[in-house]
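An overview of the molecular structure
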Amino acid sequence: QVQLVESGGDLVQPGGSLRLSCTASGSILFIYTMGWYRQAPGKEREFVALNNWTGGRTYYTDSVKGRFIISKDNAKNTMYLQMTNLKPEDTAVYYCNAETDSGSLWGQGTQVTVSS
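Residues numbered from 1 in each chain as written. Predicted model: local features only at pLDDT ≥ 70, side-chain atom pairs only at ≥ 80, totals over all residues. Heavy atoms only, no water.

1. Some thoughts on the sheet that holds strand β7 (residues 68-73)
In sheet architecture, strand pairing relies on hydrogen bonds along the backbone and comes in two forms, parallel and antiparallel. Here is the rule we go by: Here, any two strands with at least 2 DSSP bridges between them count as paired. Only DSSP runs of H or I covering at least 4 residues are called helices, and only runs of E covering at least 2 are called strands; the numbering of each starts at the N terminus. Here an axis means a line fitted to C-alpha atoms, over the contact stretch when the element is a helix, while the angle between two N-to-C directions is reported on a 0 to 180 degree scale.
In space, the four strands of this open sheet follow the order β1-β3-β8-β7, with antiparallel pairing throughout. At either end of the open sheet lies a strand with only one pairing partner, and these are β1 (3-7) and β7. Geometrically, the sheet is characterised by an average inter-axis angle of 15 degrees between neighbouring strands, direction not taken into account. Of the pairings in the sheet, the one linking β1 to strand β3 (residues 18-25) comprises five bridges and is antiparallel in character. What sits directly across from leucine 4, in β3, is alanine 24.

2. Some thoughts on unusual backbone geometry
Selection criterion: Using a 1.4 Å probe on the protein chains alone, a residue whose accessible area is under 20% of its type maximum counts as buried, one over 50% counts as exposed, and one in between counts as partly exposed.
The phi dihedral of asparagine 77 falls on the positive side, at around 50 degrees, and the residue is not glycine. Assignment of secondary structure puts asparagine 77 in the loop between β7 and β8 (78-83). Relative accessible area serves as the criterion here: at 23%, asparagine 77 is assigned to the partly exposed category. Although it is not a glycine, asparagine 85 adopts a positive phi angle of roughly 45 degrees. Judged by relative accessible area, asparagine 85 falls into the partly exposed class, the value being 41%.

3. Re the state of the cysteines
Test applied: Throughout, a disulfide means two cysteine sulfur atoms within 2.5 Å of one another.
In total, this model carries one disulfide according to the counting rule given. Residue cysteine 22 pairs covalently with cysteine 96 via a disulfide, S to S 1.9 Å. Between cysteine 22 and cysteine 96 the sulfur-sulfur dihedral comes to about -75 degrees; the bridge is accordingly left-handed. With cysteine 22 in strand β3 and cysteine 96 in strand β9 (residues 92-100), this residue pair connects regions lying 74 residues apart in the sequence.

4. Observations concerning the environment of aspartate 101
The criterion, for reference: In what follows, a contact means two residues having at least one pair of non-hydrogen atoms within 4.5 Å. N or O atoms within 3.5 Å of each other form a polar contact, as long as, within protein, one can give a hydrogen and the other can take it, and as long as residues adjacent in sequence are counted only when both atoms are side-chain atoms.
Within the secondary structure layout, aspartate 101 lies in the loop between β9 and β10 (103-106). Aspartate 101 sits 39 residues away from aspartate 62 along the chain, and the two C-alpha atoms are 29 Å apart. Those residues in contact with aspartate 101 that sit more than four places away from it in its chain are Ile28, Leu29, Phe30 and Tyr32. Engagement of the side chain of aspartate 101 in a polar contact is seen with the backbone nitrogen of phenylalanine 30, the distance being 2.6 Å.

What follows is the structure in structure tokens.
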């Protein structure tokens, strides 16, 4: 069974930091891209960041540039999202996505809450 498992969500104060992790497991032969999306209450899911798995290029939505860094460990099929200088508007459920030879995969989501 192919699946994505996320971890790292938490309650943090404004200006704080968190690191999210996402590990792909199962019969995956090839990962094309892995990325993070988020969905705030009452809003649609939006793109946050993406990592081209083989080429290494990264992409970010404008609102997180300079604050979030996406990285990966190819050997572990794991992706990370280092989030710094967190703001209340970053509060959302963060979802991991992977485009693989087994199709498009989504994780179950991890809650990030930024509040004092």
